[in-house]
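For reference, the chains in residue letters:
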Amino acid sequence: VQLVEAGGGWVQAGGSLRGSCAASGSFFGINDRGWYRQTRGTQRELVANIGRNGDIKYADSVKGRFTIFRDNALTTVYLQMHSLTPDDTGVYYCYGYVLTGLPINGGDYWGQGTQVTVSS
């Protein structure tokens, strides 16, 4: 199973970016998808999460600016980012709790990370 990210990049403060993360490989389903980020000097932190039932959580710092959405099977998840600030600069990782194997069991999978840089 691989989670492959696309998007990210460089933008000036106030701008927008969109990231996408597609799951590929052999699996039975995905129960949970999310985006995390690691900014300078901090540990990896949750940015947004969406569950199979559609429940969504956002970090307080991105509420009202970022939107997470996905296709029905949670195979691909997106993060739309608006009103970006230099504090949003960091490496963004997508996450998935993926069901694989027989008997089926779940595991945490991560994308390779994509850099988001916001200049002032």
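1. A few points about the environment of Val47
Piece 1. Assignment of secondary structure puts Val47 in strand 5 (residues 45–51).
Piece 2. Note: C-alpha distance between Val47 and Leu17 (30 residues apart in sequence) is 14 Å.
Piece 3. Excluding residues that lie within four positions of it along the chain, Val47 makes contacts with Trp35, Tyr36, Arg37, Lys57, Tyr58, Ala59, Val62, Phe66, Leu79 and Tyr92.

2. Considerations on the pairing of strand 8 (residues 76–81)
Piece 1. Strand 8 sits mainly inside the fold: five of its six residues count as buried.
Piece 2. Relative to strand 8, strand 3 (residues 17–24) runs antiparallel, the two sharing six bridges. Counted as the bridge partner of Arg18 is Gln80 from strand 8.
Piece 3. One ladder, built from five bridges, connects strand 7 (residues 66–70) with strand 8; its direction is antiparallel. The residue of strand 8 that forms the bridge with Ile68 is Leu79.
Piece 4. Between strand 7 and strand 8, which pair antiparallel and follow one another directly, the connecting turn spans five residues, one of which, Leu74, has a positive phi of 65°.

3. A look at the side chain of Arg37
Piece 1. Its place among the elements puts Arg37 in strand 4 (residues 29–38).
Piece 2. Separated by 2.9 Å, the side chains of Arg37 and Asp88 make a polar contact.
Piece 3. A polar contact of 2.9 Å, which involves the side chain of Arg37, links it to the side chain of Tyr92.
Piece 4. Apart from the residues lying within four places of it in its own chain, the contact partners of Arg37 are Gln43, Arg44, Glu45, Val47, Ser61, Val62, Phe66, Asp87, Asp88, Val91 and Tyr92.

4. Topic: the state of the cysteines
Piece 1. Applying the stated criterion across every chain yields a total of one disulfide.
Piece 2. Residue pairing for Cys21: its cysteine sulfur links by disulfide to Cys94, the two sulfurs lying 1.9 Å apart. Residue Cys21 is found in strand 3, and its partner Cys94 is found in strand 9 (residues 90–100); the two are separated by 73 residues along the sequence.
Piece 3. For Cys21, a relative accessible area of 0% gives the class buried.

Cut-offs and rules
- Residues numbered from 1 in each chain as written.
- Predicted model: local features only at pLDDT ≥ 70, side-chain atom pairs only at ≥ 80, totals over all residues.
- Heavy atoms only, no water.
- Helix = DSSP H or I, 4+ residues; strand = E, 2+ residues; numbered from the N terminus.
- Contact = heavy atoms within 4.5 Å.
- Buried < 20%, exposed > 50% of the residue type's maximum accessible area, 1.4 Å probe, protein only.
- Pairing = 2+ DSSP bridges.
- Polar contact = N/O pair within 3.5 Å; in protein donor to acceptor, adjacent residues only side chain to side chain.
- Disulfide = S-S within 2.5 Å.

These results come straight from atomic positions and should not be treated as a statement about function.
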